[in-house]
Amino acid sequence: MNNEPEKSERYYRLYKEQIGIISENSSPYINSFREAAIEKFNRLGIPTRKDEAYKYTNLDTFFNHEFGSYFMPSKSDFVKAEEFRCDIADLDTHGLVLLNGFYPTINGNFQQLPGGIWIGSLNAAANKFSSLVEKHYGRYADSETDGLLHLNTAMASDGVFIYVPENSILKKPIQIVNLVHSDVDIFNQHRNLIIVEKNADITLIICDHTLSPQRFLTNAVTEIYVGENAHFDIIRVQNEHNNAGKLTHTFIHQEQNSSASSNNITLHGGLVRNSTYHYLGGEGAESYSYGLYLADKWQHIDNFVNVDHAFPNCTSNQLFKGVLDDMSTGAFNGRIYVHKDAQGTLAYQKNNNILLTDDAKMDSKPQLEIYADDVKCSHGATVGQLDENALFYLQSRGINKRDARLMLMFGFAHEVIQNIKVEALRERMDNLVMQRLKGELSRCASCMVKCG
Amino acid sequence: MLIIKDLKVSIEGKIILKGISLEIKAGEIHAIMGPNGSGKSTLAAVLAGRDFAEVTEGTITYMGKNLFDMSPEERSKEGIFLGFQYPIEIPGVSMVNFLKTALNEHRKHDGLEPLSASDFLKIMREKKELVEIDSKLANRSVNEGFSGGEKKKNEIFQMSILEPRLAILDETDSGLDIDALRIVANGVNKLKKPDNSTIVITHYQRLLDYIVPDVVHVLYDGRIVKTAGKELAMELEKKGYDWIKQEVYQNGIA
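What you are looking at is a predicted structure, and each value in this text was computed from that prediction instead of being measured.

### Overview of the pairing of strand β6 (residues 186-196) of chain A
All names here are of chain A. Across the 11 residues of β6, 11 count as buried, placing the element largely inside the fold. Of the two faces of β6, the one lined by Ile186, Asn188, His190, Asn192, Ile194 and Val196 and the one lined by Phe187, Gln189, Arg191, Leu193 and Ile195 are each fully buried. Where strand β4 (residues 160-164) meets β6, 4 bridges bridge the pair, whose relative direction is parallel. In the sheet register, Tyr163 faces β6, and the bridge partner there is Ile195. Pairing between β6 and strand β8 (residues 216-226): 11 bridges, direction parallel. Residue pairing for β8: Gln189 is matched across the bridge by Asn219.

### Some remarks on the sheet that holds strand β12 (residues 223-228) of chain B
All names here are of chain B. The strand order across the open sheet built from 6 strands is β6-β9-β10-β3-β11-β12, with neighbouring strands paired in mixed fashion. In the strand order of this sheet, the two ends are held by β6 (80-83) and β12, each with one partner. Ignoring which end each strand starts from, the neighbouring axes of this sheet average 20° apart. Both β6 and strand β9 (residues 166-170) contribute to a ladder of 4 bridges, which runs parallel. When the sheet's bridge partners are listed, Phe81 is paired in β9 with Ala167. The sheet strands contacting helix α8 (residues 242-251) are β11 (215-220) and β12, and the helix crosses β11 at an angle near 70°.

### With respect to unusual backbone geometry
Located in the positive-phi region is A:Asn257, a residue other than glycine, with phi close to 55°. Relative to the helices and strands, A:Asn257 is located in the loop between β10 (244-254) and β11 (259-268). Judged by local crowding, A:Asn257 falls into the partly exposed class, with 19 C-beta atoms found within 10 Å. Located in the positive-phi region is B:Glu12, a residue other than glycine, with phi close to 45°. Here B:Glu12 lies in the loop between β1 (2-11) and β2 (14-24).

The rules behind the values
- Residues numbered from 1 in each chain as written.
- Chains lettered and ligands numbered in written order.
- Predicted model: local features only at pLDDT ≥ 70, side-chain atom pairs only at ≥ 80, totals over all residues.
- Buried ≥ 20, exposed ≤ 12 C-beta atoms within 10 Å, placed from the backbone.
- Helix = DSSP H or I, 4+ residues; strand = E, 2+ residues; numbered from the N terminus.
- Pairing = 2+ DSSP bridges.
- Axes fitted to C-alpha atoms, helices over the stretch in contact; angles between N-to-C directions.
- Contact = placed C-beta atoms within 7 Å.

Function cannot be inferred from these measures alone, as they are strictly geometric.
Here it is, written out as structure tokens:
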């Protein structure tokens, strides 16, 4: 239902007026999705709090805003992005720098990595790898309720494409540093497609940095295909300023005996909404969904997870933890859907939250729909304060109260961080989380690393 | 070292300690015994600075200073150590990080430089042997998934690293099998120095076979009703606590 037609109408008009610019660099195949998508968007509209899935998240401040730009950065902007270097010590990765979510077209050639892996822009891929794009694009991202997904399908003009062919195993992770920089307020929409074929194995790290204080809104969709027996880990590090809004929609489609994990680490951000959809589409698949969010001031962080058990003997595990300070708010919505034939399902979910003040607020909503009978499911949600007994225990050993509190919060957060398999990144995240908890990161919130 | 005078304590309006006086001199080991609910653990908590208990009357002087002016962490740094009856599990906080932070806080307090990671690990290795604690436990989160016996050994392990002047062991023997009890007691004895003091709080006499007290107090219904030498512990073991209760009623103290 379109709750607030006038707001959505604006985007519908924008699409109609700018369809030429939107579609000029895209392939006919990708463009062929746009018309149906904008009609779907027009029907569903921008989500409001009347939509069950957005009950706790108010998008108004961002969608009421007039942005200076709604489209891809110009070529000259990419020059700046090229100069950026991430300096995480010991983190040996295949690096790639994006600007506002877009692949640098300045030297927009494909990168080829060992094992026949290709990284490039989605538009370029639609030509070079047309059969792959046509096989996978638009196949996994779908929602009957979320208009933003369809707005992205209609309007996103490009994004990143990663292709990992059969049996290809990449030891070093791929790291995408996404810089958000602009002289005007911008609304970014990009669209990513990641194909990990049978028996392949890769780890993808995506770090977001806002580099300028303008108001940003990102509405990004990522479709991920994980083939039979393949292994895929995606780790997102979100560190944006208080004026930035980030809406991500990630669809992970898994074939049989595959294993995939998603880890969203939200260190900072004005408004963050991560929707992660896991589809277990073959027997013996395993999926892990992790999230850590640290919020203060007026920040709002919402994680929406949907795990779809469509086949027997699959395992899923959700672990989301948050520390909310000041008057910040958070939401967690975790749905487990077990189809009638998905016997032998194991599905777990845990959401734990610490509220540091009386004004901080957290809404946690587990949702289990189980239609098979041989199923093991569990869920648990807690919202509370720091454990007074643990605090006293640490103090009684000589640790002052402030440090004891930090230690407890750090320990709480570490349960999520410890699932990162790349050791250098895990250590880096531990450090960043510690800095964040000490209040040091918020002073330099626009960037998580020292950059030249 | 420690002088408690007429200490009265209540928890949520209920009077738990009804006027306790006690003096512990440097080098002494005192045992505080008594039936369940007599106030033993409350006394331990008050000494360590737990704030759920409200001190309504009385004074505690530790090393010449008013103990009530000191925060729990200051008490620790000044040499008070509480071995918890129920050690707390702290997931995500590693033993190494926890103990290194604690020890370096103590060192800072004493005007010493913080220890380097390697020097600290050396100390940990030495002390681990002393209390026969499994090496792997030291790499885990604080008390997380430890068995009852391991938790108690871990208390003594922490004590060995912090080297307190006054150790208060609150029911350290409860839930221990005879081997663990021996290890814990040996640890305490090895850590004993001529000028440091220990308060052993226990329900049973068992632990006192290993840690021999200079003085035994019986705490009953919030009061110390009997104080004597170590032979008192033997008598309690033989006769139980009932005769004490009867004596108390006959003398009309309660």
